[in-house]
Amino acid sequence: MAKYNTLQKEELRCFLARHKTESFTVRQIADRMKADPEVTKAPGESTVYRLVKELVESGEVKRTVKGNSRNFVYQLTEGEGCHHHLHMKCVACGKLYHMNDEESREIVEKIFKEESFELDQSAVLPGKCRECKGS
């Protein structure tokens, strides 16, 4: 089945781009898009699920687990650039943070030099973000 851009997929991309520092469940995306005045045709939850799945497969969106639950959260990636740096993921809220390329390179090189362990440049480091650490 051919994948193509629809108005709803473009609306979803734009919504995620406006909230690129946040991660959402499919239900949260659907609910927030319905309430967003900038969204002209908000997709339903089942459509969001299908579209998000396509965006994950294409590498445009990253899927991570929220905390210790079975709930997945989704966040817009930085495209091809996402494969060239490390990420930090909050284990409480699921938010994904992008490290800059230079810091990532230095960490990867240091680990290889000291431990003879080759770390994948797109690895995800678990921890707690500032907001969740305070609570």
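The paragraphs below set out a description of the structure included in this document. Keep in mind that what you see is a predicted model, and the values were worked out from it rather than measured.

Quick notes on the rules
Residues numbered from 1 in each chain as written. Predicted model: local features only at pLDDT ≥ 70, side-chain atom pairs only at ≥ 80, totals over all residues. Heavy atoms only, no water. Axes fitted to C-alpha atoms, helices over the stretch in contact; angles between N-to-C directions. Helix = DSSP H or I, 4+ residues; strand = E, 2+ residues; numbered from the N terminus. Parallel < 35°, antiparallel > 145°, perpendicular 65-115°, else oblique. Left-handed = near helix turned anticlockwise from the far one by under 90°. Contact = heavy atoms within 4.5 Å. Nonpolar A, V, L, I, M, F, W, Y, C, P; charged D, E, K, R; others polar. Core = buried A, V, L, I, M, F, W, Y, C linked by side-chain atoms within 4.5 Å. Buried < 20%, exposed > 50% of the residue type's maximum accessible area, 1.4 Å probe, protein only. Pairing = 2+ DSSP bridges. Salt bridge = Lys/Arg side-chain N within 4 Å of Asp/Glu carboxyl O. Lys, Arg positive; Asp, Glu negative; His and termini not counted.

**Focus: the packing of helix α2 (residues 26–35) against helix α3 (residues 45–58)**
Geometry of a packed helix pair, given as the angle between the helix axes and the separation of the axes.
Here comes step 1: Between α2 and α3, the least distance of the axes is 9 Å, while the angle of their chain directions is 120°. Considered as vectors, α2 and α3 are oriented oblique to each other. Pair α2 / α3 crosses with right-handed handedness. For the pair α2 and α3, contact is made by Val 26, Arg 27, Ile 29 and Ala 30 and by Glu 45, Val 48, Tyr 49 and Val 52, respectively.
Here comes step 2: A breakdown of the residues in the contact of α2 with α3 according to their chemical character gives 6 nonpolar, no polar and 2 charged.

**A short note on the nonpolar core**
Here comes step 1: Formed by 16 residues in total, the largest nonpolar core has its most connected members in Leu 12, Leu 16 and Ile 29.
Here comes step 2: Elements represented by at least two residues in this core include exactly α1 (7–18), α2, α3 and β2 (72–76).
Here comes step 3: Non-local contacts of Leu 12, meaning those with residues more than four positions away in its chain, are made with Ile 29, Met 33, Leu 51, Val 52 and Leu 55.
Here comes step 4: Membership of the second largest hydrophobic core comes to 5 residues, among which are Leu 86, Met 99, Val 108 and Leu 119.

**Focus: the packing of α1 against α3**
Here comes step 1: For the pair α1 and α3, the least separation of the axes is 10 Å and the interaxial angle reads 70°. The angle between α1 and α3 falls in the class roughly perpendicular. Of the residues in α3, those in contact with Gln 8, Lys 9, Leu 12, Arg 13 and Leu 16 of α1 are Thr 47, Leu 51, Val 52, Glu 54 and Leu 55.
Here comes step 2: Here the contact of α1 with α3 is built from residues that sort into 5 nonpolar, 2 polar and 3 charged.

**Points about the sheet that holds strand β5 (residues 124–127)**
Here comes step 1: Within the open sheet, the 3 strands sit side by side as β4-β3-β5. Their pairing is mixed. The open sheet terminates on both sides in strands that have one partner only, identified here as β4 (96–98) and β5. Going across the sheet, the axis of each strand differs from the next one's by a mean of 30°, ignoring polarity.
Here comes step 2: When strand β3 (residues 87–90) meets β4, the two strands line up antiparallel, connected through 3 bridges.

**A word on the pattern of salt bridges**
Here comes step 1: Using the criterion set out here, one finds 11 salt bridges in the structure.
Here comes step 2: Note that Arg 18 and Glu 38 form a salt bridge whose closest N and O atoms lie 3.5 Å from each other. Placement of Arg 18 in helix α1 and of Glu 38 in the loop between α2 and α3 is noted, with a sequence separation of 20 residues between them.
Here comes step 3: One network of salt bridges, in which partners are shared, links Lys 9, Arg 50 and Glu 54.

**Let's talk about the side chain of Lys 89**
Here comes step 1: Take Lys 89: it is sitting in strand β3.
Here comes step 2: No salt bridge is formed by the buried Lys 89, whose closest oppositely charged neighbour, Glu 131, lies at an N-O distance of 15 Å.

**Quick word on the side chain of Thr 64**
Here comes step 1: Inspection of the secondary structure assignment puts Thr 64 in strand β1 (residues 61–65).
Here comes step 2: Of the residues examined, Thr 64 reaches a relative accessible area of 9% and is grouped as buried.
Here comes step 3: Excluding residues within four positions of it along the chain, Thr 64 makes contact with Asn 71, Phe 72, Val 73, Lys 89, Gly 94 and Leu 96.

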